[in-house]
Amino acid sequence: MMRFNQAFEVLDHLIEVYVAIGSTYERLINEVKVERTRMLLHYLYDKQQENTQFLKDVKLRMPEALLQTWIDEDIEKSIINSSKQLYVNADITTDDLMEHVHDLHSQTINWLNVTVSVIPNNEMHNQLQNISESLNQRYKQLVQAVNRMDDM
């Protein structure tokens, strides 16, 4: 495994993580039998699509020189493996599903924050810090929306 990566590789991997998690939600839609949980999975899938597009847009706007920044950090493959290996009971509740969602989000943000902490380039450090904060904000909004759904 390569220890040094360029910033574009980190962003590409982050995009891969969100695509993999979205694919997991899409797969679970067909495996879950509880209608409320299936509705939640559709919602989660749509939100993953939005997050993926957000990351692609950020990467497109980033200056090429920043994308070439070298970072002394492994690409964390275990998050994608965790999402691919996520299997749930057909009768899983929305609360139990949200625990899995929280775990995947936490793993992703923790890895991203570790990566941010080792970036020597101040501008790239700030860019990834902003991405981490944006993804956290998006997650908080998702949780609030899910809580409102549960109140219905």
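To start, this report covers the structure provided alongside it.

Parameters and conventions
Residues numbered from 1 in each chain as written. Predicted model: local features only at pLDDT ≥ 70, side-chain atom pairs only at ≥ 80, totals over all residues. Heavy atoms only, no water. Core = buried A, V, L, I, M, F, W, Y, C linked by side-chain atoms within 4.5 Å. Buried < 20%, exposed > 50% of the residue type's maximum accessible area, 1.4 Å probe, protein only. Helix = DSSP H or I, 4+ residues; strand = E, 2+ residues; numbered from the N terminus. Contact = heavy atoms within 4.5 Å. Expected span 1.5 Å × (residues − 1). Axes fitted to C-alpha atoms, helices over the stretch in contact; angles between N-to-C directions. Parallel < 35°, antiparallel > 145°, perpendicular 65-115°, else oblique. Left-handed = near helix turned anticlockwise from the far one by under 90°. Nonpolar A, V, L, I, M, F, W, Y, C, P; charged D, E, K, R; others polar.

### Topic: the nonpolar core
The nonpolar side chains of a soluble globular protein tend to be buried with one another.
Then step 1. Among the nonpolar cores identified, the biggest contains 46 residues, and Leu44, Leu128, Ile131 and Leu135 are the most heavily contacted of them.
Then step 2. At the level of elements, helix 1 (7-31), helix 2 (35-61), helix 3 (64-67), helix 4 (78-84), helix 5 (94-117) and helix 6 (122-151) are the ones that each hand at least two residues to this core.
Then step 3. When residues of this core are assigned to their parent elements, the largest contribution, twelve residues, is made by helix 1.
Then step 4. Ignoring any residue separated from it by four or fewer positions in sequence, one finds Leu44 in contact with Tyr25, Leu97, Met98, Val101 and Leu142.

### A short note on the environment of Lys84
Then step 1. Take Lys84: it is sitting in helix 4.
Then step 2. Sequence separation between Lys84 and Asp46 is 38 residues, and the spatial gap between their C-alpha atoms is 18 Å.
Then step 3. Leaving out residues up to four positions away in the same chain, Lys84 has contacts with Thr24 and Arg27.

### Structural notes on helix 5
Then step 1. Along its 24 residues, helix 5 runs 34 Å from first to last C-alpha, staying within 8% of the 34 Å computed at 1.5 Å per residue.
Then step 2. Of the positions making up helix 5, those classed as buried are Thr94, Leu97, Met98, Val101, Leu104, His105, Thr108, Ile109, Trp111, Leu112, Thr115 and Val116.
Then step 3. Each element contacted by the buried residues of helix 5 is listed here: helix 1, helix 2, strand 2 (70-72), helix 4 and helix 6.

### Describing the environment of Leu135
Then step 1. By the element assignment, Leu135 lies in helix 6.
Then step 2. Owing to a relative accessible area of 2%, Leu135 belongs among the buried residues under this scheme.
Then step 3. Sequence-wise, Leu135 and Glu9 are 126 residues apart; in three dimensions their C-alpha atoms are separated by 18 Å.

### A closer look at the side chain of Thr108
Then step 1. Among the secondary structure elements, Thr108 is positioned in helix 5.
Then step 2. With a relative accessible area of 1%, Thr108 lands in the buried category.
Then step 3. Discounting chain neighbours no more than four positions away, the residues touching Thr108 are Leu14, Val17, Tyr18, Ile21 and Ile79.

### Remarks on the packing of helix 2 against helix 6
For any two helices packed against each other, the geometry is given by the interaxial angle and the distance between the axes.
Then step 1. Taken N-terminus to C-terminus, the directions of helix 2 and helix 6 make an angle of 160 degrees; their axes are 11 Å apart at the nearest point. What the angle tells us is that helix 2 and helix 6 run roughly antiparallel. Considering the relative orientation of helix 2 and helix 6, their crossing is right-handed. The residues of helix 6 that touch helix 2, namely those facing Arg36, Leu40, Tyr43, Leu44, Lys47, Glu50, Asn51, Phe54, Leu55 and Val58, are Ile131, Ser134, Leu135, Arg138, Leu142, Ala145, Val146, Met149 and Asp150.
Then step 2. The residue inventory of the contact of helix 2 with helix 6, partitioned by class, reads twelve nonpolar, two polar and five charged.

None of the figures reported here should be taken as evidence of function without further support.
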